[in-house]
Amino acid sequence: HLGVGQEHAEDGAAEDRDQQAHRCAEHAGEQRGIPAPVTRVLDVAAATNMSCGQFMCCAAAAGNGWCWTSSNSQGQVGDGLVGGGRHLPSRVLTGTGTLSGVVSVHAGLDFVCARLTDDSLTCWGSNFLGKAGQPGNSSQPFATPFTEF
């Protein structure tokens, strides 16, 4: 499964995962006018899904979340930092370690949510109007459990 931005275009088995990852990375770079130098961003044979937002792509692989971006302005990579591009995949972190138990990732415009093996959600990136599941508008640079408020 490959989701791209807000359109969430579904692709069938015609493309293999390497092609999907390359296209996903190209899409994220093209949104910023930056060509994607990535041809193989991670071992996508292990990826269960990939999803791209406006400026970033993420993948679920072997229970971990991985994201890369041409702009990390809202912490949408989930590595604890805000700002700067990540042109190679970075493992998504929580406030206490590596995010694990990731079943799937779903990218929005500038935030990402992951479904975990216990069916809970965790999100990171822009939290404008609470879209990353936290009260307030502060960006969430770490994966944070989605809360109802």
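Above this text is the structure in question.
Residues numbered from 1 in each chain as written. Predicted model: local features only at pLDDT ≥ 70, side-chain atom pairs only at ≥ 80, totals over all residues. Heavy atoms only, no water.

Asks: How do you make sense of the overall build of the protein when you look at a structure like this?
Replies: The number of helices and strands found in the protein is one helix and nine strands. Mapped from its N terminus to its C terminus, the protein presents α and β elements in the order β-α-β-β-β-β-β-β-β-β. Of the contacts made within the protein by residues no fewer than 6 positions apart, 40% connect residues no fewer than 24 positions apart. Carbon and sulfur atoms make up 54% of the accessible area of the protein, which amounts to about 6900 Å² in all. (Helix = DSSP H or I, 4+ residues; strand = E, 2+ residues; numbered from the N terminus. Contact = heavy atoms within 4.5 Å. Areas by Shrake-Rupley, 256 points an atom, 1.4 Å probe, with all protein chains shown as cover.)

Asks: Quick question: what am I supposed to make of the nonpolar core here?
Replies: Most often, soluble globular proteins keep nonpolar side chains buried together rather than apart. Ranked by internal contacts, the top residues of the largest apolar core, which has 15 residues, are L99, V102, V105, V112 and W124. Of all the secondary-structure elements, those providing two or more residues to this core are β3 (56-61), β6 (102-107) and β7 (111-116). What V105 contacts, discounting residues up to four positions off in sequence, is N49, S51, C58, A59, A60, V112, C113 and A114. If you look at the next biggest cluster of nonpolar residues, it comprises five residues, including M50, C52, C57 and A59. (Core = buried A, V, L, I, M, F, W, Y, C linked by side-chain atoms within 4.5 Å. Buried < 20%, exposed > 50% of the residue type's maximum accessible area, 1.4 Å probe, protein only.)

Asks: Can you walk me through the sheet that holds strand β9 (residues 140-145) in this structure?
Replies: With antiparallel pairing, four strands are arranged side by side in an open sheet as β6-β7-β8-β9. Edge positions in the sheet fall to β6 and β9, since each has one partner strand and no second. The mean angle between the axes of side-by-side strands here comes to 20 degrees, regardless of whether they run parallel or antiparallel. Inspection of the sheet shows β7 paired to strand β8 (residues 121-125) by five bridges, in the antiparallel sense. (Pairing = 2+ DSSP bridges. Axes fitted to C-alpha atoms, helices over the stretch in contact; angles between N-to-C directions.)

Asks: Got a minute to help me understand the pattern of salt bridges in this structure?
Replies: Note on pairing: side chains with opposite charge can pair once their charged atoms come close. Summed over all chains, the structure comprises three salt bridges. Here K131 makes a salt bridge to D110, at a shortest N to O gap of 2.8 Å. In this pair, K131 is assigned in the loop between β8 and β9 and D110 in the loop between β6 and β7, connecting sequence segments 21 residues apart. Accessibility expressed as a relative area gives 26% for K131, which makes it partly exposed. Assessed through its relative accessible area of 16%, D110 is described here as buried. (Salt bridge = Lys/Arg side-chain N within 4 Å of Asp/Glu carboxyl O.)

Asks: Whenever I open this one, the state of the cysteines confuses me. Can you help?
Replies: A disulfide bridge is the covalent bond that connects two cysteines by way of their sulfur atoms. Inspection of every chain in the model, using the stated rule, returns three disulfides. With its sulfur 2.3 Å from that of its partner, C52 forms a disulfide with C57. Here the disulfide of C52 and C57 is right-handed, its torsion about the S-S bond being about 100 degrees. For the pair shown, C52 and C57 are each scored as buried. With a sulfur-sulfur separation of 2.1 Å, C113 is cross-linked through a disulfide to C123. Here C113 and C123 share a disulfide; its torsion about the S-S bond, 105 degrees, makes the bridge right-handed. In this pair, C113 is assigned in strand β7 and C123 in strand β8, connecting sequence segments 10 residues apart. Each member of the pair C113 and C123 is classed as buried. (Disulfide = S-S within 2.5 Å.)

Asks: Would you take a moment to explain the pairing of strand β4 (residues 64-69) for this structure?
Replies: Strand residues, when the strand is regular, have side chains that alternate between the two faces of the sheet. With six of six residues buried, β4 is to be regarded as a mostly interior element. By the alternation rule, side chains of β4 split into N64, W66 and W68 and G65, C67 and T69, which are all buried. With six bridges connecting them, β3 and β4 associate as antiparallel partners. Looking at β4, one finds that M56 is bridged to T69. In the sheet, β4 pairs with strand β5 (residues 86-91) via three bridges, with the strands oriented antiparallel.

Everything listed here is a matter of geometry and, on its own, says nothing about what the molecule does.
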